[in-house]
Amino acid sequence: MGSKWRRVKLSLGLNLCAYLPRTTDGDDDGDYHPLPSSERLSDAALLPPSNWENMVRCRTTTPLPSSHCLRLPKSLSKSSSKSSKQTCSICLMKMKQGDGHAIFTAECSHSFHFHCVASHDNQVCPVCRSKWKEIPIRSPGLDPGGWSRNDALMDVAHRLPVPQRNLNQWHIRGPEPGVFNDDESLDHLPVIAESNNTLDNTSDTTIKIETYPEVSTAPRSHSYDDFTILVHLKAAVMAAIRNPSLSGGQVNLLQSRSPRAPVDLVTVLDISGSMSGTKLALLKRAMGFLIQNLGCNDRLSVIAFSSNARRLFPLRRMSDIGQQQALRAVNSVIANGGTNIAEGLRKGAKVMEDRTEKNPVSSIILLSDGQDTVNGVRPNSSYPNYGSLVPISIRSGDNREFQIPVHTFGFGTDHDASLMHSISEISGGTFSFIETETMIQDALAQCIGGLLSVVVQELQVCVECMNPNLCLSSLKAGSYRSHVSADGKTGLIDVGDLYADEERDFLVSVKVPAESSQCETSLLKVKCVYSDPLTKEMTSTESGVVRIQRPKIAGQEEVSIEVDRQRNRFRAADAMVETRTAAEQGDLAGAVSILENCQRVLSETVSAKSRDRLWVALDAELKEMEERMVSRHVYEVSGRAYILSGLSSHSWQRATTRGDSTDGSSLVQAYQTPSMVEMLTQSQAFLLSSPSTQGLLQSLWSQPKPR
């Protein structure tokens, strides 16, 4: 087992960011004690070599639309052993004889750049953890830049502050402040486009409204108790920066300077004992990617929890110095102790509550691989007090002033999917199920791709009947709060934030009486009221009046495919709820029967006959859920989480990670926006840019799924 683990670490190339210093037995007071700077790995090791130079530049990256999605290869040409021999596991850069870099081979047979080992200043091999008897001694006057003035890692090292432990007040062992009001001031910097780029202003940040009655013509003598109108909303895409020097005027994402709403983000990270090894290494690398993609006006705070929770990093702007310090904070954590999800969430909410200033967009990201072992929560049950774990200040109830969404990510087969889903649902966030650790970074990338592209806030949809003889019978809005007035004349849906190019579909049912003489019937109109996240100005947009023709005699008219498509989505979501209820009661056969029934009903609809893409996606998703219910064991380890993640996605109409798929070509990913796809593409390129990660990814991909 030991040799296999050494090979995994060697192929990973993340040994530095995964380096776990020894701690005193039983020390689980919630304080995380980093090694002295000389013993810790380089903060740049959290990023692949091609991204080190970008890390130190202060920039506001805005994900932009792209029609392409990079897919990870199923097989990799380089073997892990070849990659590890050619790559220094300290700086993650290639080693080659005769390229001007001295190479040091330790007594354990692992090789590194000489200057990396000299600056490593530790007698433990970062690959196999063997204790070295001899290491190169770094002289006080040794200039790392002397080894290679053009080395990207050395450039980062020169930019880092002088490594003195006492200079970093947030990493010192000691009591935390009682109030987290030490957030960095929001002195927003103007965002200016590059002089050689032109701004594409073909769209503005407004809401487009479209309405579709289920049929456009109905006989005058007919009345309807449940006539359906689809309300379709779409947020405008963010203005893109076009670079004329690129072929076809394509978007150069890294040079984008399009204004966007800055974000306050708190990440709540599980570092309990079960996170040790590869999980923690991949989590650190994912956090490195997240930090790199936050801009100068975005602010980040990091909370880590095991048996207790501690704020590792206050809410501060992600300037170049802020990024470096955030990387150092993430790099300092070690895995030990139990799992206190409630305390981690409480401390994350406290950061948001106590801040003295606020960015336009606020969100909490919670990642955990386990079950809450401290607060008496019964795993994956219908525990009635899940809501008690969510601080009142961030619940999406009547407290509209706060309402901070918590996007939860449960990974592996041991997390409490019911708890994670409940936390996200109560707060207005989404729940993602990450089946394999390799998907952690992609799942985070998809999420922040949305958070960094908010174009509409406080969106409310108002529906008003335009005929005194009409009244609303229902509003189908998923998890969004909706209300129909007592007289049935008006309805209201609270939507909140929309990402760039994001869409929402709601079904409005009305009671339509028979007409005596009119040739048409006016049904309703829709009004959207929302605020601009940058200017805070309130804007309203109205649709035209929805009407249907009322001839004396009308032929049989087919239901609108747009309406039929959304009916199918609601039918599938309802089936998922019923399926989960049956499965939790131990009736797996009944659960499978519900899914099969739903598939049969959907197959007879207009959408199915026209091979509509959403119908194909729903059918594939329902079949996947069936496969995850072949036994009680399979349902426990993956079926429950897969269903809950699907429910989260459909009820909020927002993309989530389900199982091991965030691939934009997957039909399950019906709600991905171009900004999400662009960030996901960056994430996959980020992983592949480091050859030293390929062996680990290949070995993890080859592991069979639990069945």
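Relevant structure appears above.
Residues numbered from 1 in each chain as written. Predicted model: local features only at pLDDT ≥ 70, side-chain atom pairs only at ≥ 80, totals over all residues. Heavy atoms only, no water.

(A) Region of the structure containing the pattern of salt bridges. One pass over the structure, following the stated rule, counts 26 salt bridges. Residue Glu-435 pairs with Arg-628 through a salt bridge whose shortest N-O separation is 3.1 Å. Placement of the pair is Glu-435 in the loop between β12 (431–434) and α10 (440–451) and Arg-628 in the loop between α14 (613–627) and α15 (632–652), with a sequence separation of 193 residues. Each member of the pair, Glu-435 as well as Arg-628, is classed as buried. (Salt bridge = Lys/Arg side-chain N within 4 Å of Asp/Glu carboxyl O. Helix = DSSP H or I, 4+ residues; strand = E, 2+ residues; numbered from the N terminus. Buried < 20%, exposed > 50% of the residue type's maximum accessible area, 1.4 Å probe, protein only.)

(B) Inspection of the packing of helix α9 (residues 417–427) against α15 at higher detail. Put simply, α9 and α15 touch, their axes get as near as 9 Å, and they point 10° apart. By the criterion of interaxial angle, the relationship of α9 to α15 is roughly parallel. Here the hand of the crossing between α9 and α15 comes out right-handed. Of the residues in α15, those in contact with Ala-417, Ser-418, His-421 and Glu-425 of α9 are Arg-640, Ala-641, Leu-644, Leu-647, Ser-648, Ser-651 and Trp-652. (Axes fitted to C-alpha atoms, helices over the stretch in contact; angles between N-to-C directions. Parallel < 35°, antiparallel > 145°, perpendicular 65-115°, else oblique. Left-handed = near helix turned anticlockwise from the far one by under 90°. Contact = heavy atoms within 4.5 Å.)

(C) The arrangement of the packing of aromatic side chains in detail. In total, this model carries three aromatic pairs according to the counting rule given. Seen in terms of ring centroids, Tyr-224 and Phe-227 are 5.4 Å apart; in terms of plane orientation they differ by 75°. Their pairing is edge-to-face. Judged by its relative accessible area of 0%, Phe-227 is buried. In this structure, Arg-654 packs its charged tip against the face of Tyr-499, placed 3.8 Å from the ring centre. (Phe/Tyr/Trp six-rings, centres within 6.5 Å; stacked < 30°, edge-to-face > 60°. Lys NZ or Arg CZ within 6 Å of the ring centre and 35° of its normal.)

(D) Region of interest: the environment of Arg-504. Locating Arg-504 in the fold gives a position in strand β17 (residues 503–512). Along the sequence, Arg-504 and Ala-235 sit 269 residues apart, while their C-alpha atoms lie 8.9 Å from each other.

(E) Expanded view of the side chain of Asp-369. Relative to the helices and strands, Asp-369 resides in the loop between β10 (361–368) and β11 (406–411). Judged by its relative accessible area of 2%, Asp-369 is buried. In terms of polar contacts, Asp-369 uses its side chain to reach the side chain of Ser-274, at 3.0 Å. A polar contact of 2.8 Å, which involves the side chain of Asp-369, links it to the side chain of Lys-279. If we ignore the near neighbours within four places in the chain, the residues touching Asp-369 are Asp-270, Ser-272, Ser-274, Met-275, Lys-279, Phe-411, Asp-414 and His-415. (Polar contact = N/O pair within 3.5 Å; in protein donor to acceptor, adjacent residues only side chain to side chain.)

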